[in-house]
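Structure assessment
Below are the chains, spelled out letter by letter.
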Amino acid sequence: MLNDKKVLYSGMQATGNLTLGNYLGALKNWVNLNEEYECFWGVMDMHSITVRQEPAEFRKRARNLLILYIAAGLDPVKNCLYFQSHVSAHAELSWILGCFTYMGELNRMTQFKDKAAKHSDNINAGLYTYPVLMAADILLYQADYVPVGKDQKQHLEITRDIAERINGIYGDVFTIPEPYFGKAGAKIMSLQDPSKKMSKSDENINGSIYLTDDPDTIVRKCKRAVTDSDSQVRYSEDKPGISNLLDIYTACSGKTIPEAEKEFEGKGYGEFKLAVAEEVIRVLKPMQEEFERLSRDKAYIDGIIKENDAKAAYFANKTLRKVRRKIGFTDIK
Ligand code: TRP
């Protein structure tokens, strides 16, 4: 990099609407990382087409995700926010890396097995080589760190294996990325089934609070949240619904769990659920307003896209040229 900052790389798929879980668990904690790291946040639209997308809706979602990054506080000048599909080096490096990845390795990927089971009518090669494209994303930027959740750990491990294999053959080609364990984000579970993570692909829309939900919807979803037959607002393993609501409440309000438990001592679940909804509404409001404002400013967003695509391409192409040279492709004249 131009400065001495270490590089941090991550991104989200442009599939489904972002949830409160994505915000509290990831986005919110990314906002200040650019002070310490050179940060790249991709809109992973190439990964999204491993499952069928409706073109008009997909286009809109991908753009909305980039706008949400900004609305959530990622500064588009200090961070590189860009679309994966706008930087062709991702596809090119992905092909090369695929030639250094064994089918046995890909066969072991638990996410492939899960997704293949879920989309049994469309088990395509892209779904299978998904981890190779992800390795290309990370290695193109010579990333030192990748903030990943548990579900992506295996993908980061295969990325490291591929990078080490290539470095072993050709010398120093790639930086070996490490998982980034920052301040842990809150892990938010489904409001309807607190044993499952809140997910943007959940079929039960009442299980998730979307970042674009209006206040009435948020109140309704919180009121309907699954709890237990007890009536104490207390954090406990045998009270997963209430514990999840406490996690949401404290993540939004900044209060601690004991403080929150004390606050709702002797009060019923109804009152607590309303207070949770109020906190969520309060936290989401400025982001929603900013999202609306930015969505109307087409010229500004288009400018941001152009600048950041170019910045991403500059770094990605630098790595791609190095890889081409190392593996012995003839020069492009
Ligand atoms: N697979 C990631 C997810 O679904 C998204 C992703 C694609 C990603 N490429 C990446 C995350 C590179 C980190 C780094 O969450």
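Residues numbered from 1 in each chain as written. Predicted model: local features only at pLDDT ≥ 70, side-chain atom pairs only at ≥ 80, totals over all residues. Heavy atoms only, no water.

1. A closer look at the pairing of strand 1 (residues 6-13)
- Across the 8 residues that make up strand 1, a large majority, 6, are buried.
- The sheet contact formed by strand 1 and strand 2 (residues 37-44) spans 8 bridges and is parallel. Across the sheet, the residue bridging to Gly11 is Gly42, located in strand 2.
- The handedness of the strand 1 to strand 2 crossover, carried by helix 1 (residues 20-30), is right-handed. (Buried < 20%, exposed > 50% of the residue type's maximum accessible area, 1.4 Å probe, protein only. Helix = DSSP H or I, 4+ residues; strand = E, 2+ residues; numbered from the N terminus. Pairing = 2+ DSSP bridges. Right-handed = clockwise from strand over helix to strand, strands pointing away.)

2. A closer look at the side chain of Lys239
- Considering the arrangement of structural elements, one finds Lys239 in the loop between helix 9 (215-224) and helix 10 (240-253).
- Owing to a relative accessible area of 3%, Lys239 belongs among the buried residues under this scheme.
- A polar contact is formed between the side chain of Lys239 and the side chain of Asp228, at a distance of 3.4 Å. (Polar contact = N/O pair within 3.5 Å; in protein donor to acceptor, adjacent residues only side chain to side chain.)

3. A look at the packing of aromatic side chains
- Summed over the entire model, instances satisfying the criterion amount to 16 aromatic pairs.
- Between Tyr37 and Tyr180 the ring centres are 5.6 Å apart and the planes differ by 80°, which places this aromatic pair in the edge-to-face class. In this pair, Tyr37 sits in strand 2 while Tyr180 sits in the loop between strand 5 (178-179) and helix 9, placing the two residues 143 residues apart along the sequence.
- Using a relative accessible area of 9% as the deciding quantity, one classes Tyr37 as buried.
- Put simply, the rings of Tyr9, Phe40, Tyr82, Tyr141, Tyr314 and Phe315 pair up and form one aromatic cluster. (Phe/Tyr/Trp six-rings, centres within 6.5 Å; stacked < 30°, edge-to-face > 60°.)

4. Description of the environment of Asp75
- Looking at the element boundaries, Asp75 is found in the loop between helix 3 (55-71) and strand 3 (79-83).
- The spatial distance from the C-alpha of Asp75 to the C-alpha of Asn34 is 8.6 Å, given a sequence separation of 41 residues.

5. Details of empty space enclosed by the protein
- This structure, assessed with the given rule, holds 2 cavities of 30 Å³ or more.
- Taken as a whole, the largest cavity encloses approximately 60 Å³ of empty space.
- Forming the walls of the largest cavity are Met109, Gln111, Phe112, Lys115, Leu127, Tyr130, Pro131 and His155.
- Breaking the lining of the largest cavity down by element, the ones donating at least two residues are helix 6 (110-118) and helix 7 (125-140).
- Of the residues that constitute the lining of the largest cavity, the class distribution is 5 nonpolar, 2 polar and 1 charged.
- Considering the residues around the second largest cavity, the lining is formed by Ser190, Leu191, Pro194, Ala225, Val226, Gly241, Asn244 and Leu245.
- Its residues assigned to classes, the lining of the second largest cavity shows 5 nonpolar, 3 polar and no charged. (1 Å grid on protein atoms, 1.4 Å probe; cavity = no way out; pocket = protein on both sides within 12 Å on 5 of 7 lines; lining within 4 Å. Points joined across faces, edges and corners; volume = space filled by probe spheres on them. Nonpolar A, V, L, I, M, F, W, Y, C, P; charged D, E, K, R; others polar.)

6. Details of the domain arrangement of the protein chain
- According to the domain assignment, the protein chain contains domain 1 (6-181 + 298-327) and domain 2 (205-293).
- Counting residues at the interface gives 12 residues for domain 1, matched by 13 residues for domain 2.
- In this assembly, domain 1 packs against domain 2 so that about 1200 Å² is buried in total across both faces, 82% of it on carbon and sulfur atoms.
- Linking domain 1 with domain 2 are 0 salt bridges.
- At the junction of domain 1 with domain 2, the criterion picks out 3 residue pairs in polar contact (both at pLDDT 80 or more).
- At the level of secondary structure, the elements contributing two or more residues to the side of domain 1 that touches domain 2 comprise helix 1 and helix 3.
- Among the residues forming the side of domain 1 that touches domain 2, the class breakdown is 8 nonpolar, 3 polar and 1 charged. (Domains from an automatic or database assignment. Contact = heavy atoms within 4.5 Å. Buried area = accessible area lost by both parts, 1.4 Å probe. Salt bridge = Lys/Arg side-chain N within 4 Å of Asp/Glu carboxyl O.)

7. Quick look at the site of the ligand
- Neighbouring the ligand are the residues Tyr9, Ser10, Gly11, Gln13, Met44, His47, Tyr130, Met134, Asp137, Ile138, Val146 and Gln152.
- Here an oxygen atom of the ligand and a side-chain polar atom of Gln13 are 3.5 Å apart.
- Note that a nitrogen atom of the ligand is positioned 3.1 Å from one of the side-chain N or O atoms of Gln152.
- In isolation the ligand has 360 Å² of accessible area, and contact with the protein removes 88% of it.
- Those elements that place two or more of their residues in the shell around the ligand are strand 1 and helix 7.
- Split into classes, the residues belonging to the shell around the ligand amount to 6 nonpolar, 5 polar and 1 charged. (Near = heavy atom within 4 Å. Areas by Shrake-Rupley, 256 points an atom, 1.4 Å probe, with all protein chains shown as cover.)

8. Here we look at the layout of surface pockets
- By volume, the second largest pocket is sized at about 320 Å³.
- Lining the second largest pocket are 18 residues; nearest its centre among them are Ser94, Gly126, Thr129, Tyr130 and Val132.
- Of all the secondary structure elements, the ones that give two or more residues to the lining of the second largest pocket are helix 2 (45-48), helix 4 (89-98), helix 5 (103-107) and helix 7.

9. Some words on unusual backbone geometry
- Even without being a glycine, Gln142 presents a positive backbone phi close to 50°.
- Secondary-structure assignment places Gln142 in the loop between helix 7 and strand 4 (145-146).
- Relative accessible area serves as the criterion here: at 19%, Gln142 is assigned to the buried category.

10. Focus: the side chain of His155
- Looking at the secondary structure, you find His155 in helix 8 (residues 153-170).
- At a separation of 2.8 Å, a polar atom in the side chain of His155 contacts the side chain of Gln152.

11. Describing helix 10
- Under the 1.5 Å per step criterion, the end-to-end length of helix 10 is 20 Å for 14 residues, consistent within 8% with the ideal 20 Å.
- Burial of helix 10 is extensive: 12 of the 14 residues sit out of reach of the surface.
- Contacts made by the buried residues of helix 10 are with helix 1, helix 11 (257-263) and helix 12 (269-296).
- Just downstream of helix 10, Gly254 is the residue with a positive phi angle, here 85°. (Expected span 1.5 Å × (residues − 1).)

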